[in-house]
Amino acid sequence: MIPQDTMGRQANSFVISLVFIVVLVLAVTFGLIVVLSHSITRPVNRIIAHIRRMPDSGFSYDASIETSKDEFAGIGKTLNEMSTRIQELLEITGQMYEQKQRQEIALLQSQVNPHFLYNTLESIRWMAKVQKNKGIEEMTRSLSNLLKQLSKGTDERIFLANELELVRDYVAIQQIRYVGTFDFIVDMPGNVAHAMILKFSLQPIVENAIYHGIEPSGEFGTITVTCRHEGDVLEIIVEDDGVGMEETLVDSLQKKLKRNSVSQFSGIGMSNVHERLRLTYGEEYGLAVTSRPGQGTRVTITVPWEDGDV
């Protein structure tokens, strides 16, 4: 038998020990909570502070938000990468805006010269008309029409009939220059007159036929433009009876057209037209060239059929 007072002392000692252990566990737990909370909230607070500074300091790189050794370092790294990319995009946007402003200023400045040139050409035309010089009058009128249309840009689509009028103005100037050494014939059925085509798609091809087909032959020649509608395609054939080309040169030209690298024979004219047509309508459209030495050259322009009356 254990005396009652001894049991009471043991019970009190157990209770005191239990209370001490509970207090110790609570203290350790609270300390761990404080440490863990601090280790979590500190990187979060750094990230929040960095985000709050962005409106004032910009999207700058901050190495301090990547110093922790947990998932928050990954978040900080991602935020820094995003900030860097946004800053790059802002700089690019600023450069594009400045470039656009310079282009707008240049465009406004460039509008002065054509206006002065139109007025000068009109004055020359009226002087020629007064002096009854039909050739100069016709040349200045045609040149004025061409410049007015060219200044409006070449990206818009116009009726095929209107495009051919621009070509006729150009040909009128060249026929005066070459003293009527070639004829210009247009075969355009009525059902294709209102087909749509990119402006100034034909003039460079006709120019090429004059300079590299008719002129080198030294003989009177003919340039024919034939328009036809087949299914969903509009074909425009520009053909001359000039000097023509060897098969090897035609093959080389075709390959250069496919690579958009025409530099010889046609300058920038044919490559420019070909690339504009491909960019506008698709890879399957554009120019095709066939030629025979001494018989002439044929350039076929293929575009989708687009009826402007619809």
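Rules behind the numbers
- Residues numbered from 1 in each chain as written.
- Predicted model: local features only at pLDDT ≥ 70, side-chain atom pairs only at ≥ 80, totals over all residues.
- Heavy atoms only, no water.
- Helix = DSSP H or I, 4+ residues; strand = E, 2+ residues; numbered from the N terminus.
- Buried < 20%, exposed > 50% of the residue type's maximum accessible area, 1.4 Å probe, protein only.
- Contact = heavy atoms within 4.5 Å.
- Salt bridge = Lys/Arg side-chain N within 4 Å of Asp/Glu carboxyl O.
- Expected span 1.5 Å × (residues − 1).
- Bend = angle between axes of the 7 residues up to and from the residue.
- Axes fitted to C-alpha atoms, helices over the stretch in contact; angles between N-to-C directions.
- Parallel < 35°, antiparallel > 145°, perpendicular 65-115°, else oblique.
- Left-handed = near helix turned anticlockwise from the far one by under 90°.
- Nonpolar A, V, L, I, M, F, W, Y, C, P; charged D, E, K, R; others polar.
- Core = buried A, V, L, I, M, F, W, Y, C linked by side-chain atoms within 4.5 Å.
- Polar contact = N/O pair within 3.5 Å; in protein donor to acceptor, adjacent residues only side chain to side chain.
- Pairing = 2+ DSSP bridges.
- pLDDT = per-residue confidence, 0-100.

Engineer: Hey, could you run me through the overall build of the protein chain in this one?
Structural biologist: For the protein chain, the count of helices and strands is 8 helices and 7 strands. For the protein chain, buried positions account for 32% of its 310 residues. Long-range pairs, those at least 24 residues apart, make up 68% of the contacts in the protein chain with a sequence separation of at least 6.

Engineer: It is not clear to me how the pattern of salt bridges should be interpreted in this structure. Could you clarify?
Structural biologist: As a working rule, side chains carrying opposite charge can pair if their charged atoms are close by. As enumerated under the stated definition, the model contains 8 salt bridges in all. Between Glu 230 and Arg 228 there is a salt bridge whose closest N-O contact spans 3.7 Å. By relative accessible area, which is 34% here, Arg 228 ends up partly exposed. For Arg 228, the salt bridge goes to Glu 235, with nearest N and O atoms at 3.0 Å. Salt bridges linked by common partners bring Arg 228, Glu 230 and Glu 235 together as one network.

Engineer: What am I meant to see in helix H6 (residues 203-217) here?
Structural biologist: One turn of an α-helix holds 3.6 residues; hence residues three or four places apart share an orientation. Between the first and last C-alpha of H6 there are 21 Å, a value that for 15 residues agrees with the 21 Å anticipated at 1.5 Å per step. Along H6, the sharpest kink reaches roughly 30°, centred on Ile 210. Those residues of H6 that sit buried are Gln 203, Pro 204, Ile 205, Val 206, Asn 208, Ala 209, Ile 210, Gly 213 and Ile 214. One or two positions beyond H6, positive phi appears at Gly 218, with a value near 70°.

Engineer: Got a minute to help me understand the packing of helix H5 (residues 160-177) against H6 in this structure?
Structural biologist: Helix-helix packing is described using two parameters, namely the angle between the two axes and the distance between the axes. Direction vectors running N to C along H5 and H6 enclose 25°, while the axes themselves pass 10 Å from each other. In terms of their interaxial angle, H5 and H6 are classed as roughly parallel. Crossing geometry of H5 relative to H6 is assigned as right-handed. Touching Glu 163, Val 167, Tyr 170, Val 171, Gln 174 and Arg 177 of H5 are Gln 203, Val 206, Glu 207, Ile 210 and Tyr 211, all from H6. When grouped by side-chain class, the residues that make up the contact of H5 with H6 number 6 nonpolar, 2 polar and 3 charged.

Engineer: Which parts of the structure should I look at to understand the nonpolar core?
Structural biologist: Grouped burial of nonpolar side chains is what soluble globular proteins tend to show. Core analysis: the largest hydrophobic core is formed by 43 residues, its most contacted members being Leu 160, Ile 236 and Leu 287. With 7 residues, H5 is the single largest residue contributor to this core. Apart from the residues within four sequence positions on either side, Ile 236 is in contact with Leu 160, Ile 197, Leu 202, Val 225, Thr 226, Cys 227, Val 299, Thr 300 and Ile 301.

Engineer: Would you mind showing me how to read the environment of Glu 306 here?
Structural biologist: Along the chain, Glu 306 falls in the segment after strand S7 (296-304). Residue classification places Glu 306 among the partly exposed positions, given a relative accessible area of 32%. For the pair Glu 306 and Val 192, spaced 114 residues apart in sequence, the C-alpha separation works out to 9.5 Å. The contact partners of Glu 306, leaving out residues within four places of it in the chain, are Arg 157, His 194, Ala 195 and Met 196. Polar contacts involving the side chain of Glu 306 include one to the side chain of Arg 157, which spans 3.3 Å.

Engineer: Would you mind showing me how to read the pairing of strand S4 (residues 221-230) here?
Structural biologist: Strand residues, when the strand is regular, have side chains that alternate between the two faces of the sheet. With 6 bridges joining them, strand S2 (residues 182-187) and S4 adopt parallel strand pairing. In the sheet register, Asp 187 faces S4, and the bridge partner there is Thr 226. Sheet topology places S4 next to strand S5 (residues 233-240); 8 bridges connect them, and they run antiparallel. Bridge pairing in S5 places Ile 223 opposite Asp 240.

Engineer: Would you mind going over the confidence of the model for the protein chain with me for this structure?
Structural biologist: Detail in the predicted coordinates should be disregarded across regions flagged by low pLDDT. Residue-level pLDDT values for the protein chain average 78, and 74% of them are 70 or greater. Per-residue pLDDT, averaged within each element of the protein chain, yields its smallest value for helix H3 (residues 112-130) (65) and its largest for S5 (95).

Engineer: Which parts of the structure should I look at to understand helix H8 (residues 269-281)?
Structural biologist: Under the 1.5 Å per step criterion, the end-to-end length of H8 is 18 Å for 13 residues, consistent within 8% with the ideal 18 Å. Along H8, 10 of the 13 residues are buried, which leaves the element largely enclosed by surrounding structure. Residues of H8 that are buried include every one of Gly 269, Met 270, Ser 271, Val 273, His 274, Glu 275, Arg 276, Leu 277, Arg 278 and Tyr 281, and no others.

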